[in-house]
Amino acid sequence: MNDFSEQIAALSPSEAMNSEQRSQPTRENQIKAEKISTEQRILQYFKPEEIQRGTFTQPDISLDALAQQFKRSELPTYPITVDDYYRQLFQEVLPYAIDTGSPTYIGHMTSALPDFLHDMSKLISKLNQNLVKIETSKSLLFLEREAIAMLHRLVYNFSEEFYTENIQQKNRNLGIVTTGGTTANISALLCARNAGLLSKENSTELLKESLYKVLSKKGYEDMVIIGSRLMHYSLNKAASILGLGTDNIIFVDNNSEGKLNCKQLEEKIQECQENRLFILALIGIAGTTETGQIDPLWKLGEIAEKYNIHFHVDGSWGVPTIFSDKHKGKLKGIEKADSVTICGHKQLYLPQGISICLFKDPQLLNYAATTARYQAQQDTYDLGRFTIEGSRSALSLCLHGALHIIGKKGYEMLIEQGIYQAQYFARKIDKLKSFELILEPTLNIVNYRYIPDYLRDKLRKKMLTNAEIERLNQINQEIQQEQFEQGKTFVSKTILFDPKYSKKIIVFRTVLSNPNTTATDLDNVLEDQLRIVDKIQRTKGG
C-alpha cells in the first residue's frame, strides 16, 4: 500500500458508518423488515452486480483529438446494414462515451438509472405518441396529468376535493411536463409575466402589442427578476427570451451565515417599486447546482406575499428531498411558491429530457395559452396550447411508472442515502490535511479543493496572497482536467466566491446520487486525486 492509500485507509468508513447506524433509534421489527425489503428491491433495479469498476470512458485521448475523428460531412450514397452501423458505433463512438452510471463518476447530476426504465423507454418509442394534443395521445395524456397531480400533492398538499376537481378538468392544469429545467423555468416566468401584466386570462395584448408598450400602459418603466447569485444559468436564458436582458436580473447577496440576505432583498424590492420597475418574479432556489444550498423559502414566500410578487422556486435538484420524512423540513416554505420546477432526469432517476413545472393555481397557465386552428383549441384537453414546446413524446410514462415502482418509500431511501454519503464524504475530506472542505453539505453535493503542503499553514492563518489564490485555482483546475482524461474517477469543478478574501476560487464539486457508489469508491476518488498531484509534481520537478 502506498502513502496515499495509507492516508485514506486511516479513516475507516465502516467505523464511521457503524457508529451512526448504532445511534439510530430502534423501530418495530415489522417496520424494519419492510424497510429492508424496500431497500433491497429498489437497489436491485440499479443492478449493482453488473457494475464494472474500471474506467468510465476511454482514457488518455484529448477532446481536440477525439473531435478530429468526427469530421465526415458527406451523406452515404447507399444504405448500410443495421449490423454494420452498430459495429461502427461500438468501435468508433461508444468507447469514448461517458459511463454516467459508474460509481466513481460523481461529478454531475447524471447518474445510474433503474433498469425498468430501459424497457419503458423502448415502449414509448414503439407507441410514438405525441402529447401536444388528445388526438395523438388519448390515455397517455391523462396519465401524464395524473403523474403531475401526484407531485403537486407532495409539494402543496391540498385537499382531496381539490385534486378530484382539478386533475382532469379542462382549462385547469396543476402543471406541465417539459423537456428540461430550462424550459420549465421559462414557462413559469412566462406565466408570471403575463399574469402580472394582462388584464385577464387568454388576453391577446402581448400577442398584438410589444412588451414595452404593455409595460408603459401599466405605468412601468422596465421589468426585472430578483433572486440569489446562485440562480441557475437558465434564468439568464429566460431573461433574454422574455425580453428583460440579463442586466435586469437583480442579485441579492448572502448574509454572514451564507443564507440569502432577506433584509437586502426587501430594500431592493422597495427600490424597484420607487423606480416603477415591474418585478416579474422572486426566484428561490431549492438545491443550487453548485453547492446544493437551499434559500430560506419560508421567508421568501412571506416577502413575495407582502409585495404581491410571483414566487417561483427552482427546485430542479432539491425538490425530491420532500420524499424524505427526515429531511423534508429543509424545504419548509416551498408550499408558498406560485410555481415550482422539478427535473425528473435528476433525483427522480428518469431518462434525460423530462422536467416538470408545477403551478399552485390551476388556472395560472391560462395566461400563457396559445391556440391554433387545427389543434390546441380552447376547452379541449390539448396540452400544446400551454407548453412552449409543440410536439412531445410520452416520456411522462417513465415518471408515472417510477412514482409507482419506486414509490415514496423507495425515493425516501435513495434521497437519504445520497445525503448520508455526502455527510460521510465531507467528514472524510475534513480530516485529510491535503484537502479543504468548502461548505458543510446541505443535501448531497460536496465542495472541496486540494491544498499543497506549502500553503496549508497560510490557509489556516488566512494569510494567502492573491498570487497564491490564483496558484491554488490553477492546481485544482489541472487536477480536475487530468482526472477526467484518465477516466478512472471523476469530479466536476465550479467557481465559488470566497468571502474571506473576496475572491473567486475553483473548487471540486461532487454529486452523490448514485445508489451504487460505496465508501470505497469515494476513497478511490480522493486517492486518485492525490496520485494525480504526485504525477503533476514529478512532471514539473516538484
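Reading the values: the criteria
- Residues numbered from 1 in each chain as written.
- Predicted model: local features only at pLDDT ≥ 70, side-chain atom pairs only at ≥ 80, totals over all residues.
- Heavy atoms only, no water.
- Helix = DSSP H or I, 4+ residues; strand = E, 2+ residues; numbered from the N terminus.
- Rg over C-alpha atoms; globule rule 2.2 N^0.38 Å.
- Buried < 20%, exposed > 50% of the residue type's maximum accessible area, 1.4 Å probe, protein only.
- Areas by Shrake-Rupley, 256 points an atom, 1.4 Å probe, with all protein chains shown as cover.
- Lys, Arg positive; Asp, Glu negative; His and termini not counted.
- Charge placed at Lys NZ, Arg CZ, Asp CG, Glu CD.
- Pairing = 2+ DSSP bridges.
- Axes fitted to C-alpha atoms, helices over the stretch in contact; angles between N-to-C directions.
- Polar contact = N/O pair within 3.5 Å; in protein donor to acceptor, adjacent residues only side chain to side chain.
- Expected span 1.5 Å × (residues − 1).
- Contact = heavy atoms within 4.5 Å.
- Patch = residues over 30% accessible without salt bridge, like charges linked within 9 Å, V, L, I, M, F, W, Y side chains within 5 Å.
- Salt bridge = Lys/Arg side-chain N within 4 Å of Asp/Glu carboxyl O.
- Phe/Tyr/Trp six-rings, centres within 6.5 Å; stacked < 30°, edge-to-face > 60°.

Asker: Hey, could you run me through the overall build of the protein in this one?
Answerer: Along the backbone of the protein there are 19 helices and eleven strands. Since a compact globule built from 542 residues should have a radius of gyration of about 24 Å, the 25 Å found for the protein is in line with a globular shape. Here the C-alpha coordinates of the protein stretch approximately 70 × 65 × 65 Å along the principal axes. Burial statistics for the protein: of 542 residues in total, 51% are counted as buried. Carbon and sulfur atoms form 49% of the exposed surface of the protein, whose accessible area is close to 26500 Å². Charge-centre separation for the protein: the mean point of 65 positive side chains lies 2 Å from the mean point of 66 negative side chains.

Asker: I keep staring at the sheet that holds strand β9 (residues 445-450) and nothing clicks. Help me out?
Answerer: Working definition: the strands of a sheet are paired by backbone hydrogen bonds and lie parallel or antiparallel to each other. With respect to topology, four strands assemble into an open sheet ordered β8-β9-β11-β10, the strand pairing being antiparallel. The strands lining the two open edges of the sheet, one partner per strand, are β8 (435-437) and β10 (492-498). Averaged over all pairs of adjacent strands, the angle between their axes in this sheet comes to 45 degrees, without regard to strand direction. Both β8 and β9 contribute to a ladder of three bridges, which runs antiparallel.

Asker: Can you walk me through the side chain of serine 355 in this structure?
Answerer: Following the sequence through the fold, serine 355 ends up in strand β7 (residues 355-359). Here glycine 181 takes part through its backbone nitrogen, which lies 3.0 Å from a polar atom of the side chain of serine 355.

Asker: When you look at helix α7 (residues 139-156) in this model, what are you seeing that I'm missing?
Answerer: Turn by turn, an α-helix covers 3.6 residues, leaving residues three or four places apart pointing in a common direction. Under the 1.5 Å per step criterion, the end-to-end length of α7 is 26 Å for 18 residues, consistent within 8% with the ideal 26 Å. The elements touched by buried residues of α7 are α8 (160-166), β1 (175-178), β6 (339-343), β7 and α15 (396-405). Positive phi shows up at asparagine 157, right after α7, with a value of about 50 degrees.

Asker: Sorry, what's going on with a nonpolar patch on the surface here?
Answerer: A surface patch of nonpolar side chains, amounting to about 580 Å² of accessible area, comprises Phe70, Val82, Tyr86, Phe90, Val93 and Leu94. On the secondary structure map, tyrosine 86 appears in helix α5 (residues 82-92).

Asker: Just checking my understanding: could you explain the sheet that holds strand β5 (residues 311-314) for this structure?
Answerer: With respect to topology, seven strands assemble into an open sheet ordered β1-β7-β6-β5-β4-β2-β3, the strand pairing being mixed. Two strands close off the open sheet at either side, each with one partner strand: β1 and β3 (249-252). Strand-to-strand twist across the sheet, computed as the mean angle between neighbouring axes with direction ignored, equals 20 degrees. Relative to β5, strand β4 (residues 277-285) is paired through four bridges, and the arrangement is parallel. Each bridged residue has a counterpart across the sheet, and for isoleucine 285 the counterpart in β5 is aspartate 314. Strands in contact with helix α13 (residues 262-274) are β2 (222-228), β3 and β4; relative to β3, the strand with the most contacts, it is inclined by about 155 degrees.

Asker: I would appreciate a short explanation of the pattern of salt bridges in the present structure.
Answerer: Working definition: two side chains of opposite charge can pair if their charged atoms are close together. Within the structure shown, the criterion is met by 27 salt bridges. Across the salt bridge formed by glutamate 412 and lysine 409, the nearest N and O atoms sit 3.3 Å from each other. Taken together, the positions of glutamate 412 and lysine 409, both in helix α16 (residues 407-431) and three residues apart, correspond to about one turn of that helix. Residue classification places glutamate 412 among the buried residues on the basis of a relative accessible area of 10%. Residue aspartate 523 is joined to lysine 428 by a salt bridge in which the shortest nitrogen-to-oxygen separation is 3.2 Å.

Asker: Can you help me understand the packing of aromatic side chains in this one?
Answerer: The geometry of an aromatic ring pair comes down to the distance between the two centres and the angle between the two planes. One pass over the structure, following the stated rule, counts 19 aromatic pairs. On the basis of an interplanar angle of 80 degrees and a centroid distance of 5.5 Å, the ring pair of phenylalanine 46 and tyrosine 349 is categorised as edge-to-face. Residue phenylalanine 46 is found in the loop between α3 (29-45) and α4 (63-67), and its partner tyrosine 349 is found in the loop between β6 and β7; the two are separated by 303 residues along the sequence. Of the two residues examined, phenylalanine 46 and tyrosine 349, each falls in the buried class. A network of ring pairs unites the aromatic residues Phe425, Phe435, Tyr448, Tyr450 and Phe508 as a single cluster.

Asker: Sorry if this is basic, but what is going on with unusual backbone geometry here?
Answerer: Among all residues save glycine, negative phi is the norm, and among peptide bonds the norm is trans. Even without a glycine there, the phi angle at asparagine 157 is positive, about 50 degrees. With respect to the element layout, asparagine 157 can be found in the loop between α7 and α8. Looking at asparagine 157, the relative accessible area reads 56%, which means it is exposed. One non-glycine residue, tyrosine 349, lies in positive phi territory at about 60 degrees.

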